[in-house]
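The chain contents come next:
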Amino acid sequence: MTGTAFPDAAATWNQRFENADYIFGLEPNEYLRAHASLLAAGSRVLCVADGEGRNSVWLARQGMRVDAFDISEVGVAKARRLAAGANVAVDFRVADCDRLTWPAETYDAVVAIFVQFADPTERERLFANMVRSLKRGGLLVLQGYTTKQLEYRTGGPPILSHLYTAELLRQEFATLQFIELREYEAELTEGTQHHGRSALIGLVARKP
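Described in the following lines is the structure provided in the data block.

Definitions and limits used
- Residues numbered from 1 in each chain as written.
- Predicted model: local features only at pLDDT ≥ 70, side-chain atom pairs only at ≥ 80, totals over all residues.
- Heavy atoms only, no water.
- Helix = DSSP H or I, 4+ residues; strand = E, 2+ residues; numbered from the N terminus.
- Buried < 20%, exposed > 50% of the residue type's maximum accessible area, 1.4 Å probe, protein only.
- Salt bridge = Lys/Arg side-chain N within 4 Å of Asp/Glu carboxyl O.

1. So, unusual backbone geometry
(1) Moving on: Positive phi is not limited to glycine here, since N87 has a value of about 60°.
(2) Moving on: Structurally, N87 can be placed in the loop between α4 (73-86) and β3 (90-94).
(3) Moving on: Even without glycine at this site, F114 takes up a positive phi of about 55°.
(4) Moving on: Tracing the backbone shows F114 in the loop between β4 (107-113) and α5 (120-133).
(5) Moving on: Using a relative accessible area of 10% as the deciding quantity, one classes F114 as buried.

Right, here's the structure in full:
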């Protein structure tokens, strides 16, 4: 994870992840779980800024071929331990979003769950790379917080420019075919960091 919200993103996330506990929990994100049936077993999936590995490891357990990266070497080490404990293989890398070598038209799906470390400039580059890395027909599954999350403060950065609106995602992913774009509220119980009533947005879209 990276971005201007943190002067030294790697150090910040390494410090957050250094506790033995998994701060976002061990279960996958619920929005991802609810839409994973859209992915065929054996699909090649990229998990963006995957942190401690809860989503990538779960996808591997469902029979996906998963690549994942995060800026935090501590987070990636924990993710590797989680994968080993689940007896699944995930290709983990320690990488910054801007320094990662993004392969073109490689993935059947790209999963981006709460990647809201990115300021608007970085976000534009990140989203463009996510789309570029998708195969034609590939799916993007994304979840984030909306601007209303500033009222709840139950997770995510308290920075307006890092939060999403439906219109922003329509603009950023205008080249994709939208399957679902939904703003909603729900109670999150994702470890200690995403906990309580939350203002959310979910997107599933296909690359034509």
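Resuming the write-up.
2. Considering the pattern of salt bridges
(1) Moving on: The final tally for this structure, using the stated rule, is 14 salt bridges.
(2) Moving on: K148 is paired through a salt bridge with E185; the nearest N and O atoms lie 2.6 Å apart. A residue pair is termed long-range when its members are at least 10 positions apart, and K148 in the loop between β5 (134-145) and α6 (149-152) and E185 in strand β6 (residues 177-190) qualify at 37 residues.
(3) Moving on: For K148, a relative accessible area of 34% puts it in the partly exposed group.
(4) Moving on: Notably, a salt bridge pairs E167 with R170, separated by 3.6 Å at the nearest N-O pair. Here E167 and its partner R170 are both found in helix α7 (residues 166-172), three residues apart, which amounts to about one turn of the helix.
(5) Moving on: Judged by its relative accessible area of 42%, E167 is partly exposed.

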